[in-house]
Structure formats: C-alpha cells, structure tokens
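Examination of the molecular architecture
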Amino acid sequence: MRMKWSGWALAIGALAFSAAANAAPPTAEILSYACAGCHGTSGASAGPSMPSLAGQSKVFFIDAMKKFKSGERAGTVMTRLVKGYSDEQIVAMAEFFAKQKRTSQTTATDPALVAQGKTIYDNACKRCHLENGKEFEEDTPVVAGQWLKYLQIQMGEFRDGKRKISEKKAEKVKSLTAADWEAVAHFYASQK
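Residues numbered from 1 in each chain as written. Predicted model: local features only at pLDDT ≥ 70, side-chain atom pairs only at ≥ 80, totals over all residues. Heavy atoms only, no water.

All right, on to the pattern of salt bridges then. Going through the model one piece at a time under the given rule, you end up with 6 salt bridges. Among the ionic pairs, Glu95 bridges to Lys58, the shortest N-O distance being 3.7 Å. On the criterion of sequence distance, the pair formed by Glu95 in helix H6 (residues 87-99) and Lys58 in helix H4 (residues 58-70) is long-range, its members being 37 residues apart. Linking Lys118 and Asp122 is a salt bridge whose minimum nitrogen-to-oxygen distance equals 3.0 Å. One end of the pair is Lys118 and the other is Asp122, both in helix H7 (residues 111-125) and 4 residues apart, which spans about a single turn. (Salt bridge = Lys/Arg side-chain N within 4 Å of Asp/Glu carboxyl O. Helix = DSSP H or I, 4+ residues; strand = E, 2+ residues; numbered from the N terminus.)

And the structure:
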C-alpha cells in the first residue's frame, strides 16, 4: 500500500512541476513571432507596405502599440492583434525589436526626388529624424531604409490628417505640399 501512495505522490508532483513549467510566460522572441508574418523575422520587413521594426526606439514602439490598442491609431490587423497583449508583453517586444540590427530595404527611388527630399529633410525633418532618418529621438521612429510604399502610405496619412502628428512636428511640416511629402518619402527610402 505504501508503494501505491508514493507512486501517486510522485505522479502528482510530476504533473504539478510540468504544469508550472508550461505556465512560464513566453519570451519576447516568442512573442515577436506573431509579428514575423508582416514585419519579418526579427523585425526585418517582409513586404512593401509594412515597416521594419528592427532597431526601432522602445518608446516609439510602445507608443504605437498603445495607440493601436486604444483605437487612436487606425489599422486593419494591428488594432485587433494588439488587444491580445498585456502592457508587459508590449514592453518586452519593444525591448526585443530595439536590440535587433536595423535593416534597409532595397526599393527603387527617383534620384531627382531623393535630392529634393534631402533639401526638405534638412529644413523640416532633421531635428527629430536624426542622421538622415537612421537615428531617432525617443518618440520618433527610424524611417531611413523603410520601403517606399510604406513611407508613401504613412506620409499620406500625416498629410491628410488621418494620422496625428505632434504639434512640434506639425509646425515644421505644415507648409509641405503633396509633392514635398513624396520627395521626402523617396529620400528616406534611399537611405541605407
């Protein structure tokens, strides 16, 4: 009889240990796998309308996710997907992507628009999007080397008021025309 009880105790202990091991929270890398279909493995974008997340500012990533979660920032998939993550998981993913090596996409750009965009960048953008968009202030994304299509979409949303822009930035870009925004998109897309 003692043998049976000790066997049961051992089996119950093993089940409890197994359940505890399976209850461990997923790592930031595992959480990032849900992003890979659109944003690529380790945040290197997989398609022209999706941004690369690798090397982005933690503050920017967290802010963007909060805005998708609250509905302040519109999205087709993101507004639904982000609701499945806790604030702690979002911070973990932000830290994971911030540590990944930034990649640049290869996309065709118009050299004349790149030159025009550089002038506009120098006058209106370089105080926030540092080093030709390769570096960032805490709340500003890396825009250099992103897909041209993605940049065109986002800049169109800023231009048309569909996406909010901070007052500080709005003051700098309020005089930009649609052609200016297009030139800046070509400039950023050309940066590696």
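Once the structure has been displayed, the description carries forward.
Here we take up the packing of helix H9 (residues 148-159) against helix H11 (residues 178-190). Interaxial distance between H9 and H11 falls to 9 Å at its minimum, and their mutual angle equals 145 degrees. You can see that H9 and H11 cross each other, and the crossing is right-handed. Between H9, through Leu148, Leu151, Gln152, Met155, Phe158 and Arg159, and H11, the contact on the second element is made entirely by Ala178, Trp181, Glu182, Val184, Ala185, His186, Tyr188 and Ala189. Looking at the contact of H9 with H11 residue by residue, the classes come out as 10 nonpolar, 2 polar and 2 charged. (Axes fitted to C-alpha atoms, helices over the stretch in contact; angles between N-to-C directions. Left-handed = near helix turned anticlockwise from the far one by under 90°. Contact = heavy atoms within 4.5 Å. Nonpolar A, V, L, I, M, F, W, Y, C, P; charged D, E, K, R; others polar.)

Before going further, it helps to spend a moment on the side chain of Thr79. If you trace the backbone, Thr79 turns up in helix H5 (residues 78-81). Residue contacts for Thr79: discarding those within four places in its chain leaves Phe68, Arg73 and Ala74.

Two elements in contact, H7 and H11, have axes whose closest approach is 7 Å; the angle formed by their N-to-C orientations is 100 degrees. Judged on the interaxial angle alone, H11 and H7 are roughly perpendicular. On H11, the residues touching Leu113, Val114, Gln116, Gly117, Lys118, Ile120, Tyr121 and Cys125 of H7 are Ala179, Asp180, Glu182, Ala183, Val184, His186, Phe187, Tyr188 and Ser190. (Parallel < 35°, antiparallel > 145°, perpendicular 65-115°, else oblique.)

Note that every value here comes from positions in space, so none of it alone points to a role or purpose.
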